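Summary of structural features
Given next are the chains, with one letter for each unit.
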Amino acid sequence: MLRLKLLCIGLTMPIFLWANDTIYDTSEQSFNIDSLWVLLCAILVFLMQAGFKTLETGLVKSEHRTGVGAKNLMDMVAGMLGFFLLGYGFMFGDSLYGIIGFNTDLFAGGDLTKSGIGIPGIVFFLFQVAFAGTALTIVSGAMSGRTGLLPYLIGSLITAIIIYPVFGHWAWGNILDPTNHAWLAEIGFMDFAGSTVVHTLGATVGLVGIILVGPRLGRFDMNGKILPIKASDYSYSILGVILLWVGWWGFNGGSTLTFGNDVYTIILNTNVAGAASCFSAFIFCYFFQDRTELIEKMAGGALTGLVAITACCNVVSPSSALIIGLLAGIIHNLSFDLILKVLKFDDPVGAIPVHGFGGIFGTLCVALFGKEELLMLPRWEQLLVQAIGVEVCIAFTVLVSFIMFKTIKSLYGLRVSPEQELGGMMAGRKMPKDFYEKEGEKKIQYASIKVSGKGYNLINIKNFIDLSKSYRDGLIQNERVAFIDAGGEKVNIEESLRQLSVLKESSLKNEPLMHA
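1. A short note on the overall build of the protein
The helix and strand inventory of the protein stands at 18 helices and eight strands. Counting only residues that meet the buried cut, the protein has 55% of its 516 residues in that class. Nonlocal contacts in the protein, meaning residues at least 24 apart in sequence, comprise 74% of its contacts between residues at least 6 apart. Of the roughly 21900 Å² that the protein leaves accessible, carbon and sulfur atoms contribute 66%.

Printed below as a string of structure tokens:
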């Protein structure tokens, strides 16, 4: 019996010591409950990738599920490699005039033990690389259904190495080293867990990509009328929302970088805001928006509340979190209709309303609802600084991502071929002939121009007519262009050239087109 007691004491002693903050030392960093908590939260944030994959594959066409899933996988790969090799050093390295971090010890895992905070540097890196992956995944949903895998991977790498780390350095560059120069943080900008740094940034990259790649085939007719595209599995996308919601416990709760009493309130605020936002989005859609896109708005509403509370969950009360969530649901529904029905941007998974508008609103909520004693500045000064941070993020991200996507589009092409798009790219299945309803003659709406071995650019037929005659004729003669109708199907070349001639004679200069 005595031996059994001694054995039990021996087995439980390490656990007792761990709970009391001292198991062992490695590189002069004691592993403690804070390290364990942040590592657990990093795992939860990393598993949000599964939530994004489930959400997105449920909302897109069944033919696109495999392609979207592949992009989610490559997000993880690009985020891990790009951030590990260079992004982490650019974000948290020694600041060069407050513009970018630069520390060779942090490049390629050179010295990830470096830390000026209470947890080991490696744990901090794992938490931050999971955040970087989240920003990248937002883009995959926004551009899904028509973007090639290789150009998307290139864009993800550039985002992980340059776009996310540079702006992240401005806002969070002093977290690892409190003496570091992070100019947005120094003027008082507050973004606790990334409403702007992660979500608004990711949504802005996605929005630029949406504009440059164009809508999916069959999303709009010639008059801009929205054509229905059936989602593959709404129940699957709802599962994605639940997985993401669980991940948000780590996303916001782990951003404390310690396991203190404030963790409980932060997680409570997160859940209250998500639930309230889902509720208000459902009610608003049900009674005021003709119940159109009800499932999309319920799912997106929940996520918008979670995005909005992310910046301010550490400075607001639970009752304020409830109000933030209720407002976020309505903001989501209004911005959802703005993006799709007014601006005619094709965002298959609603990433821009959720992460863009939700992120902006949440960042402003720091000043609007935060307890004044917890703010960096007086309330109205804080609101001004929050707005400056949002504007800087959008301006910087638009500039760099436009250059990035425009270069990729010119040199390789962002878009897959019409056959690949309709067949699902990697899915290998073709759309049934009767998927789209056709009315009378098939009229050309797009020109799909082959720019590389596997890259295509899609432009409106009016923009094709505006190209020089010699360039148009060269494309047609070399069979580098295909003409697509509003339903997403090819129109034969003879009929296409006839319609081009009619369009050109009626709206532009009277210049004959080359015939096949």
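2. Some thoughts on the confidence of the model for the protein
When pLDDT is averaged along the protein, the result is 86; 88% of the residues meet or exceed 70. At the level of individual helices and strands, the protein shows its lowest average pLDDT in helix 1 (residues 2-19), which scores 42, and its highest in helix 13 (residues 351-369), which scores 98. Low pLDDT, under 50, characterises residues 1-30; the predicted model gives this stretch 24 contacts beyond four residues in sequence or across chains. Long-range and interchain partners of residues 508-516, a stretch whose pLDDT sits below 50, account for 22 contacts in this model, where long-range means more than four residues apart.

3. Some points on the nonpolar core
Looking at soluble globular proteins, one finds that nonpolar side chains tend to be buried together. Formed by 97 residues in total, the largest nonpolar core has its most connected members in Phe83, Tyr88, Tyr164, Phe167, Trp172 and Phe405. With 12 residues, the single largest contributor to this core is helix 5 (residues 121-142). Residues in contact with Phe167, not counting those within four places in the same chain, are Leu184, Thr196, Val197, Leu201, Gly389, Val392, Cys393 and Phe396. Counting 14 residues, the second-largest nonpolar core is a separate cluster that includes Ile444, Ala447, Ile461 and Phe464.

4. A closer look at unusual backbone geometry
Even without being a glycine, Glu293 presents a positive backbone phi close to 50°. Within the secondary structure layout, Glu293 lies in the loop between helix 10 (262-288) and helix 11 (294-310). Assessed through its relative accessible area of 25%, Glu293 is described here as partly exposed. Within the chain, Lys344 stands out as a residue other than glycine whose phi angle is a positive 60°. Within the secondary structure, Lys344 sits in the loop between helix 12 (318-342) and helix 13.

5. Looking at helix 6 (residues 149-172)
The largest bend in helix 6 amounts to roughly 45° and is located at Thr159. Here helix 6 lies mainly inside the structure; 18 of its 24 residues are buried.

6. Remarks on the packing of helix 5 against helix 8 (residues 195-213)
Here helix 5 crosses helix 8 at 30°, and the two axes come no closer than 8 Å. One element, helix 5, and the other, helix 8, form an angle in the roughly parallel class. For helix 5 against helix 8, the interelement crossing comes out right-handed. On the side of helix 5, the interface is formed by Phe131, Thr134, Ala135, Ile138, Val139 and Ala142, while helix 8 contributes Val198, His199, Gly202, Ala203, Val205, Gly206 and Ile210. Grouping the constituent residues of the contact of helix 5 with helix 8 by class yields nine nonpolar, four polar and no charged.

7. Considerations on helix 14 (residues 379-411)
Relative to the 48 Å expected for 33 residues at 1.5 Å per residue, helix 14 spans 48 Å between its end C-alpha atoms, a close match to the ideal helical length. Directly after helix 14, the chain includes Gly413, whose backbone phi takes a positive value near 105°.

8. A short note on the pairing of strand 6 (residues 456-460)
One face of the sheet, then the other: side chains in a regular strand alternate in exactly this way. Across the five residues of strand 6, four count as buried, placing the element largely inside the fold. Note that strand 5 (residues 444-450) and strand 6 share five bridges and pair antiparallel. By the bridge assignment, Ile449 is partnered in strand 6 with Asn457.

9. Some words on the pattern of salt bridges
Inspection of every chain in the model, using the stated rule, returns 11 salt bridges. Measuring nitrogen to oxygen at the nearest pair gives 2.7 Å for the salt bridge that ties Asp473 to Lys469. In this pair, Asp473 and Lys469 both sit in helix 17 (residues 469-477), four residues apart, roughly one turn of the helix. Accessibility expressed as a relative area gives 9% for Asp473, which makes it buried. Overall, the relative accessible area of 31% leaves Lys469 in the partly exposed class. Members of the salt-bridge network, linked through shared partners, are Glu293, Lys297, Asp337 and Lys341.

10. Examining the sheet that holds strand 5
Reading across from one edge, 6-5-7-8 is the order of the four strands in this open sheet, with antiparallel pairing throughout. The open sheet is flanked by strand 6 and strand 8 (490-491), the only strands paired with a single partner. Alignment of strand 5 against strand 7 (residues 481-485), held across five bridges, turns out to be antiparallel. Across the sheet, Ile449 pairs through a bridge with Val481, a residue of strand 7.

11. What to know about the environment of Ile187
Assignment of secondary structure puts Ile187 in the loop between helix 7 (183-186) and helix 8. In the structure, Ile187 is positioned 198 residues away from Val385 in sequence and 7.3 Å away in space, judged by C-alpha atoms. Leave out the neighbours within four places in its chain, and Ile187 touches Leu377 and Val385.

12. Focus: the state of the cysteines
Considering all chains together, one arrives at zero disulfides under this definition. With no disulfide of its own, Cys313 lies 6.7 Å from the sulfur of Cys312, the closest cysteine sulfur.

Calculation rules
Residues numbered from 1 in each chain as written. Predicted model: local features only at pLDDT ≥ 70, side-chain atom pairs only at ≥ 80, totals over all residues. Heavy atoms only, no water. Helix = DSSP H or I, 4+ residues; strand = E, 2+ residues; numbered from the N terminus. Buried < 20%, exposed > 50% of the residue type's maximum accessible area, 1.4 Å probe, protein only. Contact = heavy atoms within 4.5 Å. Areas by Shrake-Rupley, 256 points an atom, 1.4 Å probe, with all protein chains shown as cover. pLDDT = per-residue confidence, 0-100. Core = buried A, V, L, I, M, F, W, Y, C linked by side-chain atoms within 4.5 Å. Bend = angle between axes of the 7 residues up to and from the residue. Axes fitted to C-alpha atoms, helices over the stretch in contact; angles between N-to-C directions. Parallel < 35°, antiparallel > 145°, perpendicular 65-115°, else oblique. Left-handed = near helix turned anticlockwise from the far one by under 90°. Nonpolar A, V, L, I, M, F, W, Y, C, P; charged D, E, K, R; others polar. Expected span 1.5 Å × (residues − 1). Pairing = 2+ DSSP bridges. Salt bridge = Lys/Arg side-chain N within 4 Å of Asp/Glu carboxyl O. Disulfide = S-S within 2.5 Å.

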